[in-house]
Amino acid sequence: METTDNNNNINSENTPRGIGRRDVLKSLITLPVAGALVYGAFRKKQLEHYKHNELLKTLSLDKGSETPAAYINETPGDSTTLRVGVIGTGGRGLYLMRSMGFIQPKWIDEWTESAKTNKQDNRVEIYRQMDNLNVEITAICDIFTVHRDAGLEASTNIHREGSNGQKGKPARVYKNYKELLAADDIDAVVIATPDHWHAQMVIDAANAGKHVYVEKPLSLTVAETYEIEKAVKENNIVFQLGHQNRQIESHEKAKEVIRKNLLGKITLVETFTNRNSPSGAWVYDIHPDTNPQNVDWQQFLGTAPDHPFSAERFHRWRCWWDYSTGLTGDLFTHEYDVINQVMNVGIPDAATASGGIYYFKDGRTVPDVLHVSYEFQKLDLNLLYSATLANSQHRAKTFFGSDGYMVLDNSLMVYADRESNRYREAIQDGVIPTDSPMITHVPGKGGIDAISSPTEQYFAQRGLLYTYRGGKQVDTAHLHIKEWIDSIRNGTPVSCGIKEAVDEAITAHMGTIAYRNNKKVFWDNNKKDVEFG
Amino acid sequence: MSKNNYSAVQMVFLVALRISIGWHLMYEGITKVLQPGWSSYGYLMDSKGWFSGFFINMASNPNLLSIVDFLNVWGLTLVGFAMIVGIFSRLAKIGAMIMLLFYFVAHPPLMMADYLFPGEGSYLWVNKNLIELLAVAVLYFFPTEHIVGIDRLIKQFRKK
């Protein structure tokens, strides 16, 4: 081999003056490579486009999604400020006040401080961008002085400021909710008290003509569920149960998947709770000022069995049947309401349950591990709930159908079943994948669509929530309360009204009754009561 | 640089390396051009290591992010094209090295770094971005565009 090749040398003797053929050839010889790349890229894109369209056609999604991208409704024209009373200003009550625009100044202080060192922390900004609902907190009620003070402080924070900010008029403070309900400067109440108080408070509020937003679960027993329904209907109030999952965009997309029958016949739905922390198991901190002087213990007990003052029971009331509905009422209802939202399943026909107190042997009466199996005979459907409070592995809600299955979280993924008759041809043609989802919906991205890139799949699988440019992050509890307030103002529908609330409560109670009696229970829709098999 | 005298075999492999890297960069660019709504947001937000703050800031500012996206997509496409056809040789390779350096320091394969975007291989401290960067550096010091590439024509025109 020659060590020097003149042909590769630009200072070739052949080209002292003009540009020779060799120059042109060597200059342009690699140009076709760029051409080949553009051609290849174009063909690849074309092929992907073809497969994508074939997939959409197969799934009848080629005419676009029926479900418009979720947006925030304009607040209706009525400019009258709605006067709201809050009954129960503990953790959840304060959160709901925050979602209405009344935040404890300490949160703004904390977020501002955190944003100084972490530039990604834009919580203050996002919070201040939240819509103004045009409400005034005119009254608060709590039976614990510490909660009362916190609620009062939040009620004055009309400008969403930190501790040094300008404050507004404080709410009137009531020590008994009945006095609050009797006040005439209140149009509506938000109820965030322990479960055993929901029924009486909703009934009294409805009878006082106040609109009601109450936290889940609706009730403690089957009987009181129907008393609530009666009071709400008779008084014609606007009622919303606090299942803010109703506002999650992917759930609306999931409805469309069901409506278009993309999964085939659905025979099994699995839902789960996995938590592994003291607060996840309702072992909340006990405030040092919790004592009989600061807590109206008799009012806390209400109709619950008598018990000497207990700071533990006061803060960790979810651990006792006396005040709580346990796993079924507190956590399964979140899961069930999504299933009811997506599939409109209603009240099941039967339930069996098993479980126990396996890990938190702290004197509680409610189980920390539980399985409930629900039968919906008319739908040929079984709904399984599986829960443990001693492991935090995430298990996602899954809908199993004869043609595919849907995994639903904040994101949504639909997979084809390998054995599906309907998709057999499309699977053989490579139009429908079986090892990755055929449809995914990532929140904030708008329409329902087929997967287009591995990155998108990756984000979708992990349900990662991040804001897209132009997108907006919004608190679901805010949207849920806003829906209720809009309904009060102009009669638009609420998504978790009394019908959905009754479905939720009865379903939860059937699981509880089956567990506590260790028997299969059946629902008698005529008697509106459970029966044992 | 114009005094390089390469053997035929040296030329073949240097040009092949140049075209391959050019192809890789240009195709990365074109796929992003063809993908509506593509953004480097996720990649930047997932940055780890000493410079992660810099990249996360980039992603957090929507205006800056759209500039970064634009520069990245068209930078890749044009630099890749330039390397394939052999035009603006030095500028293209400096551009390629800058981009590859950014990719490397945004996602350095550190011992403790776990990335959302899984790598397709196993790396420690050295990864393919670094290797590609070094390969471009080699091409920078062993240029071929003035022999096989449009730069040859440009050079001849200038001589006239």
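This structure is a prediction, so every number in the text was calculated from the model and none was measured. (Residues numbered from 1 in each chain as written. Chains lettered and ligands numbered in written order. Predicted model: local features only at pLDDT ≥ 70, side-chain atom pairs only at ≥ 80, totals over all residues. Heavy atoms only, no water.)

### Structural notes on the pairing of strand β11 (residues 397-401) of chain A
Residues and elements named next belong to chain A.
- Where burial is concerned, most of β11 is hidden: four out of the five residues are buried.
- For strand β7 (residues 266-274) and β11, the ladder comprises four bridges, and the chain directions are antiparallel. Note that in β11 the partner of leucine 268 across the bridge is phenylalanine 400. (Buried < 20%, exposed > 50% of the residue type's maximum accessible area, 1.4 Å probe, protein only. Helix = DSSP H or I, 4+ residues; strand = E, 2+ residues; numbered from the N terminus. Pairing = 2+ DSSP bridges.)

### Here's the deal with the nonpolar core
- In this structure, Leu218(A), Phe239(A), Met343(A), Phe399(A) and Met406(A) are the most contacted members of the largest nonpolar core, which totals 104 residues.
- A total of nine residues in this core trace back to one element, the largest contributor, which is helix α17 (residues 498-517) of chain A.
- Composition of this core by domain shows at least three residues from each of domain 1 (54-70 + 249-473 + 505-532) and domain 2 (82-246 + 485-498) of chain A.
- Met406(A) has contacts with Ala254(A), Val257(A), Ile258(A), Leu263(A), Val342(A), Lys397(A), Thr398(A), Phe399(A), Leu412(A), Met413(A) and Val414(A), leaving out every residue within four places of it along the chain.
- Counting 45 residues, the second largest nonpolar core, distinct from the first, contains Met11(B), Val15(B), Met83(B) and Val148(B). (Core = buried A, V, L, I, M, F, W, Y, C linked by side-chain atoms within 4.5 Å. Domains from an automatic or database assignment. Contact = heavy atoms within 4.5 Å.)

### Details of the sheet that holds strand β3 (residues 172-174) of chain A
Residue and element names in this part refer to chain A.
- If you walk across this open sheet you meet the six strands as β3-β2-β1-β4-β5-β6, and the pairing is parallel. With one partner strand each, in any of the chains shown, β3 and β6 (239-241) form the two edges of the open sheet. Direction aside, the axes of adjacent strands within the sheet are offset by 20° on average.
- In this sheet, strand β4 (residues 188-191) lies alongside strand β1 (residues 82-87) in parallel orientation, the contact comprising four bridges. Bridged to valine 86 within β4 is valine 190. (Axes fitted to C-alpha atoms, helices over the stretch in contact; angles between N-to-C directions.)

### Some details on a positive patch on the surface
Residue and element names in this part refer to chain B.
- On the surface, Arg90, Lys155, Arg158 and Lys159 cluster together into a positively charged patch.
- Structurally, arginine 158 is set in helix α7 (residues 150-159).
- On the basis of relative accessible area, arginine 158 is assigned to the exposed category, the value being 72%. (Patch = residues over 30% accessible without salt bridge, like charges linked within 9 Å, V, L, I, M, F, W, Y side chains within 5 Å. Areas by Shrake-Rupley, 256 points an atom, 1.4 Å probe, with all protein chains shown as cover. Salt bridge = Lys/Arg side-chain N within 4 Å of Asp/Glu carboxyl O. Lys, Arg positive; Asp, Glu negative; His and termini not counted. Charge placed at Lys NZ, Arg CZ, Asp CG, Glu CD.)

### Structural notes on a nonpolar patch on the surface
Residues and elements named next belong to chain B.
- Judged by side-chain polarity, Val33, Leu34, Leu64, Ile67, Phe70, Leu71, Trp74 and Leu78 come together as a nonpolar surface patch covering roughly 750 Å² of accessible area.
- Counting residues per element, the ones that place at least two in the nonpolar patch are α1 (8-34) and α4 (62-85).
- Broken down by element, the residue count for the nonpolar patch peaks at six residues, all from α4.
- Within the fold, leucine 34 resides in helix α1.

### Looking at unusual backbone geometry
All names here are of chain A.
- Along the chain, lysine 216 connects to proline 217 via a cis peptide bond; the corresponding omega equals -10°.
- Structurally, proline 217 can be placed in the loop between β5 (211-214) and α9 (222-235).
- Unlike most non-glycine residues, tryptophan 282 shows phi in positive territory, near 70°.
- Its place among the elements puts tryptophan 282 in the loop between β7 and α11 (297-301).

### Things to note about the environment of Glu120(B)
- Residue placement: Glu120(B) occurs in the loop between α5 (89-106) and α6 (128-141).
- The spacing of Glu120(B) and Asn72(B) is 48 residues in sequence and 22 Å in space, taken between C-alpha atoms.

### Some thoughts on the sheet that holds strand β16 (residues 529-532) of chain A
All names here are of chain A.
- One open sheet accounts for 10 strands, arranged β14-β13-β12-β11-β7-β10-β9-β8-β15-β16; its pairing is mixed. Strand pairing shows two members of the sheet lacking a second neighbour, β14 (439-441) and β16, which therefore form its edges. Ignoring strand direction, the axes of neighbouring strands in this sheet form an average angle of 15°.
- Pairing between β11 and strand β12 (residues 404-408): four bridges, direction antiparallel.

### A short note on the domain arrangement of chain A
Residues and elements named next belong to chain A.
- Under the domain assignment, chain A is made up of domain 1 (54-70 + 249-473 + 505-532) and domain 2 (82-246 + 485-498).
- Centre-to-centre, using C-alpha coordinates, domain 1 lies 25 Å away from domain 2.
- Facing the 39 residues of domain 1 at the interface are 28 residues of domain 2.
- For the pairing of domain 1 and domain 2, the buried interface totals around 2800 Å² over both sides, and the portion due to carbon and sulfur atoms is 58%.
- Interface area lost by domain 1 to domain 2 is led by Gln299, Asp337 and His509, which between them contribute 20%. (Buried area = accessible area lost by both parts, 1.4 Å probe.)

### A closer look at the pattern of salt bridges
Residue and element names in this part refer to chain A.
- This model, assessed by the stated rule, comprises 27 salt bridges over all chains.
- One salt bridge connects glutamate 312 with arginine 316, and the closest N-O pair in it is separated by 3.9 Å.
- Residue classification places glutamate 312 among the partly exposed positions, given a relative accessible area of 29%.
- Residue class for arginine 316 comes out buried when judged on its relative accessible area of 17%.
- Of the charged contacts, one joins aspartate 322 and arginine 313 as a salt bridge, the two residues approaching to 3.2 Å between their closest N and O atoms.
- According to the relative accessible area criterion, aspartate 322 is partly exposed, its value standing at 26%.
- Members of the salt-bridge network, linked through shared partners, are Lys216, Arg318 and Asp330.

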